[in-house]
Amino acid sequence: MTAPRTMYEKIWTDHVVRDGGGNEPDLLYIDLHLVHEVTSPQAFEALELTNRKVRRPDLTLATVDHGVPTEGRALGIKDPLSKKQIETLVDNCRNNGIELYDISDIRQGIVHVIGPEQGITQPGMTIVCGDSHTSTHGAFGALAFGIGTSEVEHVLATQSLPQSRPKSMAVNVNGELATGVTAKDVILGIITRIGVAGGTGYVIEYRGTAIVALSMAGRMTICNMSIEAGARAGMIAPDETTFEYLRGRNQAPTGDDWDTAVEYWKSLPSDPGATFDIEIDIDAAELAPYVSWGTNPAQTVSVTGAVPSPTEFDDPLERDAAERALVYMDLEAGTPIEEIPVDRIFLGSCTNGRIEDLRVGAKLLEGKTIHPDVHAMVVPGSGLVKLQAEEEGLDIIFKNAGFEWREPGCSMCLGMNPDILMPGERCASTSNRNFEGRQGRNGRTHLVSPEMAVAAAVAGHFVDVREWK
Amino acid sequence: MEAISVITGQMAPLPRANVDTDAIIPKQFLKRVERSGFGPFLFYEWAYDEEGELIEDFILNQPAYAAAKVLVSGPNFGSGSSREHAPWSIEDRGFAAVIAPSFADIFHNNCINIGLLPVVLTDDEVARLTQIAEDPDNLVTIDLEDQTVTAVGFDASFDIDPFAKHRLANGLDNIALALEHADAIASYESTRAPHKPAL
Ligand code: SF4
């Protein structure tokens, strides 16, 4: 009998190409390498300079997402630098035999939306991408983490990566979430409790009845923001919900392979009695719809709360950070969250840009119109999400309510394309980062769930979606 | 990657917690496909106002700190995105090391991979160094071999992963190291389960 193991240990062990013996990192095999235009050009260039080849183009998938415009695509990409960056990826993929979902491909979209959508993200895999939100794919019971450009080059050349073993953390969320409390609120609640560096050096496994009850979309939202707690990766055990999601998708196994795969996937969840380096317990009933008030995702309170005073923080650097955040956000301590007016609404991103997010948004919005002072937009996570939404008539609901309906991409999550906040504008955003300048210089970001974003769009200020009609 | 042994130079104090990669290098500068030239955009929105004018009292804009080689900052330095442009911009600006009480994981890996030395000291040690750095004439010396940091009236030692140290001290290329195990990679590939996806 081997000792009980966590899911992360099992997947790690299954991918060791060379055991570093504790003195050196292990060399891990990488099952899937996702590539986008921003963090890859220097890696391809370095490969060329060193006369190295892409080892496994068949385990590499590329798309364009960060810099693509979300309107007027027929006119081409106006920004000459973004245009060049995207063309560079097109060339690199062509020269190296890598499949690319280009801007004109219906499968194009945010890199962390397309993998699951195509069924190429599967349990038990190691998945990397030059992007910190690669943790999203952990929702399937995969070990998925973000890497830098030097590591992108490394994986292109060797399909492997030297890695030191992170520690393990279990976050147990038990109980039932109240209506109106979403996966986004679960992860914001977790980050608020453990802090933006609470997960540094750890792989988090989210467990418990509240996690098991979530759809794959909700699980992805949670794993997506693991990096916002500093974690190396986040993961959730695969189960029937996972298998049902994958069944029949383009890249999912078929026939006998499907049965073998499911059998393997069922062996992955952490064994009973497996121990984690740290365990954290959270009562689902204590979670509420959250709104971030500051400039990091842990600076977040319940919608029924108020902007805190810096004096509430004992740590001098935290206090200083809160002071700076209030100035940047132009907020006064003690202001009730529900009294904060918003100018912009962004519904999208790899956190909340999936079809399920658009469905809940549209359902809440039906028959309503947005506040006259608010400018709102929906940016679907992929071309296929957009298509599906249009088939369901969601676009009509959004447009009738006054939202703009855009083409897929990262858009205002980071504003590398023309979608940015103007200085001083305040945005209710379903994305994952509220850093200074993230959505545009001196733009003010409040992180919320899709439900909370839609309600704010109509009301013109934050409202408690649990009581909103 | 150049080998590192002893780094001696001026410090630039930036005593803030959670300095994120969006602050280190804002997204509008990530569109370049080149590997170099990111230095001028380091901490852009702290260094320049909305009109693009230099903010003179920002630490890196003060002429007295023009020669700074070691950045001294707060905990969780480099949090946020995986952009290697962040350490590239710090390195390109002339820095050889960053000292902080803690670093975000991906940023830390990126530093090791490009040869920018990340040094972890205690909160208290970083606070003292920050004070010492207030006089721009005070230099700091980081000795990688001995794992020590010294400055006037200051002496501390730091931990570093032995393999990371070995790579930094010898300027080793990770890819070349992995390719020494090309046989192990190939043999792993030959046993990979057929149900695993390939495009
Ligand atoms: S949607 Fe935002 S967080 Fe996600 S990959 Fe794009 S820029 Fe990164």
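What you see is a predicted model; the values in this text were computed from it and never measured. Counting of residues starts from 1 at the beginning of each chain's written sequence and follows it residue by residue. Ligands are numbered from 1 and chains lettered from A, in the order in which they are written. Under the rules for a predicted model, residues below a pLDDT of 70 receive no local features and side-chain atom pairs below 80 are neither given nor counted, while totals for whole chains, interfaces and linings still include all residues. No hydrogens and no water enter the side-chain calculation; it runs on all heavy atoms of the structure.

Some words on the packing of helix H3 (residues 85–92) of chain B against helix H4 (residues 105–114) of chain B
All names here are of chain B. Axis definition: a line fitted to C-alpha atoms, limited for helices to the stretch in contact. Angles are taken between N-to-C directions and run from 0 to 180 degrees. For helices the rule is a DSSP run of H or I covering at least 4 residues; for strands it is a run of E covering at least 2, with both sets numbered from the N terminus onward. Two elements in contact, H3 and H4, have axes whose closest approach is 9 Å; the angle formed by their N-to-C orientations is 50 degrees. The angle between H3 and H4 falls in the class oblique. The two elements H3 and H4 cross, and the hand of that crossing is right-handed. Across from Ala86, Pro87, Trp88, Ile90 and Glu91 in H3, the residues of H4 making contact are Phe107, Asn110, Cys111 and Ile114. For classification purposes, an angle smaller than 35 degrees is called roughly parallel, one larger than 145 roughly antiparallel, one from 65 to 115 roughly perpendicular, and anything else oblique. Crossing handedness is defined as follows: a turn of the near helix away from the far one that is anticlockwise and smaller than a right angle gives a left-handed crossing, while the clockwise case is right-handed. By definition in these notes, contact holds between two residues if any of their heavy atoms fall within 4.5 Å.

A closer look at the packing of helix H13 (residues 355–365) of chain A against helix H14 (residues 383–391) of chain A
Residues and elements named next belong to chain A. Contact pair H13 / H14: the axes reach a minimum separation of 9 Å and the direction vectors enclose 35 degrees. Of the two elements, H13 crosses H14, and the hand of that crossing is right-handed. On the side of H13, the interface is formed by Ile355, Leu358 and Arg359, while H14 contributes Val385, Gln388 and Ala389. Partitioned by chemical class, the residues of the contact of H13 with H14 number four nonpolar, one polar and one charged. Three residue categories are used. Nonpolar comprises Ala, Val, Leu, Ile, Met, Phe, Trp, Tyr, Cys and Pro, charged comprises Asp, Glu, Lys and Arg, and polar comprises the others, including Gly.

Topic: the interface of chain A and chain B
Contact with chain A, which involves 81 residues of that partner, is made by 57 residues of chain B. It is A:Gln42, A:Leu317 and A:Arg441 in chain A that bury the most area against chain B; as a group they hold 12% of the surface buried on that side. The term salt bridge refers to a pairing of a side-chain nitrogen on Lys or Arg with a carboxyl oxygen on Asp or Glu at a separation within 4 Å. Inspection of the chain A/chain B interface yields eight salt bridges. One salt bridge in this structure joins B:Asp173 and A:Arg52, with 3.2 Å as the shortest N-O distance. Nitrogen and oxygen atoms within 3.5 Å of one another constitute a polar contact, given that in protein one can donate a hydrogen and the other can accept it, and given that sequence-neighbouring residues count only through two side-chain atoms. Applying the counting criterion to the chain A and chain B interface returns 33 residue pairs in polar contact (both at pLDDT 80 or more). Among the elements that make up the side of chain A that touches chain B, the one with the highest residue count is helix H5 (residues 149–158) of chain A (seven residues). Split into classes, the residues belonging to the side of chain A that touches chain B amount to 26 nonpolar, 31 polar and 24 charged. Note: buried area is the sum, over both parts, of the accessible area (probe 1.4 Å) each one loses when the two are combined.

Side note on the packing of aromatic side chains
Aromatic pairs are defined between Phe, Tyr and Trp rings, using the six-membered ring for Trp, whenever the two ring centres lie within 6.5 Å; interplanar angles under 30 degrees are classed as stacked, those over 60 as edge-to-face, and all others as tilted. Taken as a whole and assessed by the stated rule, the structure comprises 18 aromatic pairs over all chains. Seen from their ring centres, B:Phe77 and B:Phe107 are 5.4 Å apart, and the 70 degrees between their planes marks the pair as edge-to-face. In this pair, B:Phe77 sits in the loop between strand S2 (68–73) and H3 while B:Phe107 sits in helix H4, placing the two residues 30 residues apart along the sequence. Residues B:Phe77 and B:Phe107 agree in their burial class; the two are buried. Seen from their ring centres, B:Phe103 and B:Phe107 are 6.3 Å apart, and the 10 degrees between their planes marks the pair as stacked. Aromatic ring contacts, followed pair by pair, group B:Phe29, B:Phe41, B:Tyr44 and B:Tyr48 into a single cluster. Cation placement over rings: the criterion is NZ of Lys or CZ of Arg within 6 Å of the ring centroid and within 35° of the ring normal. Positioned over the ring face of A:Tyr245 is A:Arg249, at 3.8 Å from the centre of the ring. Taking the ring centre of B:Phe38 as reference, the NZ or CZ of B:Arg32 above it sits at 4.9 Å. Throughout, exposure labels follow a simple rule: accessible area from a 1.4 Å probe, protein chains only, divided by the maximum for the residue type, with under 20% read as buried, over 50% as exposed, and the rest as partly exposed.

Things to note about helix H4 (residues 111–118) of chain A
Burial analysis of H4(A) places eight of its eight residues in the buried class, the great majority of the element. Directly after H4(A), the chain includes A:Gly119, whose backbone phi takes a positive value near 75 degrees.

Here's the deal with the environment of A:Arg5
Residues and elements named next belong to chain A. Looking at where Arg5 falls in the secondary structure, it is placed in the segment before helix H1 (7–14). Of the residues examined, Arg5 reaches a relative accessible area of 29% and is grouped as partly exposed. Sequence-wise, Arg5 and Met416 are 411 residues apart; in three dimensions their C-alpha atoms are separated by 42 Å. Once you skip the residues sitting within four places of it in the chain, Arg5 turns out to touch Lys10, Thr13, Ser270, Asp271 and Ala274.

So, the pairing of strand S9 (residues 167–174) of chain A
Residue and element names in this part refer to chain A. Of all eight residues in S9, six are buried, a share of seventy percent or more. At least two bridges found by DSSP between two strands are what make those strands a pair. As judged from the six bridges shared by S9 and strand S10 (residues 202–207), these two strands associate in the parallel manner. In the strand pairing of S10, Asn172 is matched with Arg207. Looking at chain direction, S9 and strand S12 (residues 278–283) are connected through six bridges and run parallel. Bridge pairing in S12 links Asn174 to Asp283.

Focus on the sheet that holds strand S7 (residues 154–157) of chain B
All names here are of chain B. Taken together, the seven strands give an open sheet; going across it, the order is S4-S3-S2-S1-S5-S6-S7, and neighbouring strands pair in mixed fashion. The outermost strands of the open sheet, each flanked by one partner alone, are strand S4 (117–120) and S7. Averaged over all pairs of adjacent strands, the angle between their axes in this sheet comes to 30 degrees, without regard to strand direction. Two elements, strand S6 (residues 148–151) and S7, share four bridges in a ladder whose sense is antiparallel. When the bridges of S7 are listed, Ala151 appears paired with Phe154.

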